[in-house]
Amino acid sequence: MADPRIERFTGPIAAFVVMVTVVMGTAAVLFARKLGFAESQVQAFYLGSEATFAPPRSLAGLLEVAVPHLLAIPMMVFVTQHLVAFVSRARRRPFAAVAGVTSGCAAVVIAGGLAIRFAWPALAPLKIVAFVGLEGTMLVWLGLLVAALRGSEGAPPRVSG
Amino acid sequence: MRFLVQPVPEALERARPPVRAFLAFTALLLLAWVASRAAHGALTPAGLELILEPAPGERLGPVALWEEVHQGAFLYGFLLLALGSLLAVCPVSRRVRNALLALATAAALLDLGAPLLPVALPGFPGWAALRIGAFVVAVGALLAMTSLAWATFGRETRGSDG
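Every chain begins its residue count from 1, and numbering advances along the sequence as written. For naming, the first written chain is A and the first written ligand is 1, with later ones following in the order written. Two thresholds apply to this predicted model, a pLDDT of at least 70 for residue-level local features and 80 or more for giving and counting side-chain atom pairs, whereas whole-chain, interface and lining totals are computed over all residues.

Caption draft 1: Quick peek at the overall build of chain B. Tallying secondary structure elements over chain B gives 7 helices and 0 strands in all. Structurally, chain B occupies a C-alpha span of about 60 × 30 × 20 Å along its principal axes. Neighbour density around each residue's C-beta defines its exposure: 20 or more other C-beta atoms within 10 Å make it buried, 12 or fewer make it exposed, and counts between make it partly exposed, where C-beta atoms are placed from the backbone. Taken across its 162 residues, chain B has 36% of its residues classed as buried. Going along the chain from the N terminus, every DSSP run of H or I of four or more residues is numbered as a helix, and every run of E of two or more is numbered as a strand.

As structure tokens, then:
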């Protein structure tokens, strides 16, 4: 049974979950279309390609993408995890472990482009793995949120300051 | 969120100035969003089709379309969560706040999804007008939520039901 203090937030949280799902879905489409899920495609995106006449990415161009994402992704991850901690009875250690994986993947996704372009192109597979990890763990968080809101976790949510 | 979940009058009253400042910025954001779309020609069907209509052979539509849906969903998600949560502790009837939230969410989804219609069903008529209408309704509902929260947040204690 849902905690009555949480019940009134069910609507806003459900709307948030729907929109985050759209954000994650469109992120996957954009990743596939702009970079691709092959190592060579990711390297070509950042380093340029003679075959497609694509120039290498400039520092300014990479920062133009990285800076807003440095706000948006951590903010979205933080708010989602905050809500999960708030409405579910997830245990502390698994919660911290998955939260760490999500944050680590987010950091690699954001910084990966700069590293591939200016430091080590062989990091391309890591960027792909981190993106898949970020998407996967975000799906876990969203699933936990939905389960908690539907009261299917079997116990009242933990509400503590 | 503690002050939202345990809405004691003193806490809500203390939170009113920053909440009102946030709501003022939210209203500015919504108005700026409308201005931005107008400046890009995205508030007329012809202008919108020019920007987002898939070119022949472009199976998934232009990348700009996906970027816009991506950014729009982020913005809508945070606005719906923040405004919906604030309204939940305002002395507003449950019916009104649920209706506004449902209207804003449905219109937002339509705003985000309408440009995908000609991608899924090439030649789909009227998607641009549908998107403009949905955007106007979504922004209108969000502005109504903002105004309502501005006027009522911290005014009186609510029951546990809301």
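More follows now that the structure is in view.
Caption draft 2: Representation of the overall build of chain A. What chain A contains, in helices and strands, is 6 helices and 0 strands. Going from N to C terminus, chain A has its helices and strands arranged as α-α-α-α-α-α. The dimensions of chain A, computed from C-alpha atoms along their principal axes, are 60 × 30 × 25 Å. Counting the 161 residues in chain A, one finds 33% classified as buried. The contact rule is simple: place each C-beta atom from the backbone, and if two of them lie within 7 Å, those residues are in contact. Sequence-distant contacts in chain A: of pairs separated by 6 or more residues, those separated by 24 or more amount to 75%.

Caption draft 3: Molecular detail of the packing of helix α3 (residues 39–47) of chain A against helix α5 (residues 92–118) of chain A. All names here are of chain A. Convention adopted: a line fitted to C-alpha atoms gives each axis, helices being fitted over their contacting stretch, and angles between N-to-C directions are expressed from 0 to 180 degrees. One way to put it is that α3 packs onto α5 with a least axis distance of 9 Å and a crossing angle of 80°. Between α3 and α5, the angle is such that the two are roughly perpendicular. Residues Val42, Gln43, Tyr46 and Leu47 of α3 form the contact with α5, whose own contacting residues are Gly113, Ile116 and Arg117. By definition in this entry, angles of less than 35 degrees are roughly parallel, angles greater than 145 are roughly antiparallel, angles of 65 to 115 are roughly perpendicular, and the rest are oblique.

Caption draft 4: Seen up close, the nonpolar core. By our criterion, buried Ala, Val, Leu, Ile, Met, Phe, Trp, Tyr and Cys residues that link up through C-beta atoms within 7 Å make up a nonpolar core. With 80 residues, the main nonpolar core has Met19 and Leu145 of chain A together with Leu80, Leu83, Leu86 and Ala104 of chain B as its most contacted residues. Broken down by element, this core gets its largest block of residues, 14 residues, from helix α4 (residues 63–88) of chain B. Excluding its chain neighbours within four sequence positions, the residues that come into contact with Leu145 of chain A are Ile13, Val17, Leu83, Val84 and Val87 of chain A.

Caption draft 5: Looking closely at the environment of Val42 of chain A. Mapped onto the secondary structure, Val42 of chain A falls in helix α3. As for Val42 of chain A and Ala15 of chain A, which are separated by 27 residues in sequence, their C-alpha atoms are 33 Å apart.

Caption draft 6: Region of the structure containing the interface of chain A and chain B. Listed per partner, the contact involves 23 residues of chain A and 24 residues of chain B. Elements with a contribution of two residues or more to the side of chain A that touches chain B: α1 (4–7), α2 (10–35) and α4 (59–87) of chain A. For the side of chain A that touches chain B, the element with the highest residue contribution is α2 of chain A, accounting for 15 residues. When residues are grouped by polarity, Ala, Val, Leu, Ile, Met, Phe, Trp, Tyr, Cys and Pro land in nonpolar, Asp, Glu, Lys and Arg in charged, and all others, Gly among them, in polar. Along the lines of polarity and charge, the residues of the side of chain A that touches chain B split into 16 nonpolar, 3 polar and 4 charged.

Caption draft 7: Spotlight on the packing of α2 of chain A against helix α6 (residues 124–149) of chain A. Residue and element names in this part refer to chain A. Where α2 contacts α6, the two axes come as close as 11 Å, and the packing angle between them is 160°. Relative to α6, the element α2 lies roughly antiparallel. Seen along the crossing, α2 lies across α6 with a hand that is left-handed. For the pair α2 and α6, the contacting residues are Thr10, Ile13, Ala14, Val17, Val20, Thr21, Met24, Ala28 and Phe31 in the first and Phe131, Glu135, Met138, Leu142, Leu145, Val146 and Leu149 in the second. Crossings are assigned a handedness: left-handed for a near helix turned anticlockwise from the far helix by less than a right angle, right-handed for a clockwise turn.

Caption draft 8: Summary view of the environment of Gly57 of chain B. Along the chain, Gly57 of chain B turns up in the loop between α3 (45–52) and α4. Along the primary structure Gly57 of chain B and Asp111 of chain B are separated by 54 residues, whereas in three dimensions their C-alpha atoms are 24 Å apart.

Caption draft 9: Structural context of the confidence of the model for chain A. Every residue gets a pLDDT, meaning the predictor's confidence in that residue, from 0 to 100. When pLDDT is averaged along chain A, the result is 89; 91% of the residues meet or exceed 70. Contacts from residues 157–161 of chain A, a stretch scored under 50 in pLDDT, to residues over four places away or in other chains number 12 contacts.

Caption draft 10: View of α4 of chain A. Helix length check: α4 of chain A, at 29 residues, gives a terminal C-alpha distance of 41 Å against a target of 42 Å (1.5 Å per residue), a fit within 8%. In α4 of chain A, a bend of some 35° at His69 of chain A exceeds every other bend along the element. To estimate how far a helix should extend, the number of its residues minus one is multiplied by 1.5 Å. A residue's bend is given by the angle between axes fitted to the 7 residues ending at it and the 7 residues starting at it.

Caption draft 11: Region of interest: the confidence of the model for chain B. Residues and elements named next belong to chain B. Mean pLDDT over chain B: 88, with 92% of residues reaching 70 or higher. Segment residues 158–162: pLDDT under 50, and 9 contacts once partners within four positions in sequence are set aside and those in other chains are kept. Here the predicted complex scores 0.89 on pTM and 0.89 on ipTM.

Caption draft 12: A look at the environment of Leu83 of chain B. Along the chain, Leu83 of chain B falls in helix α4. Ignoring any residue separated from it by four or fewer positions in sequence, one finds Leu83 of chain B in contact with Thr26, Leu142, Met145, Thr146 and Ala149 of chain B.

Caption draft 13: Broad picture of unusual backbone geometry. In this model, Phe53 of chain A sits at a positive phi of 60°, which is unusual for a non-glycine residue. Accessibility expressed as a C-beta count within 10 Å gives 7 for Phe53 of chain A, which makes it exposed.

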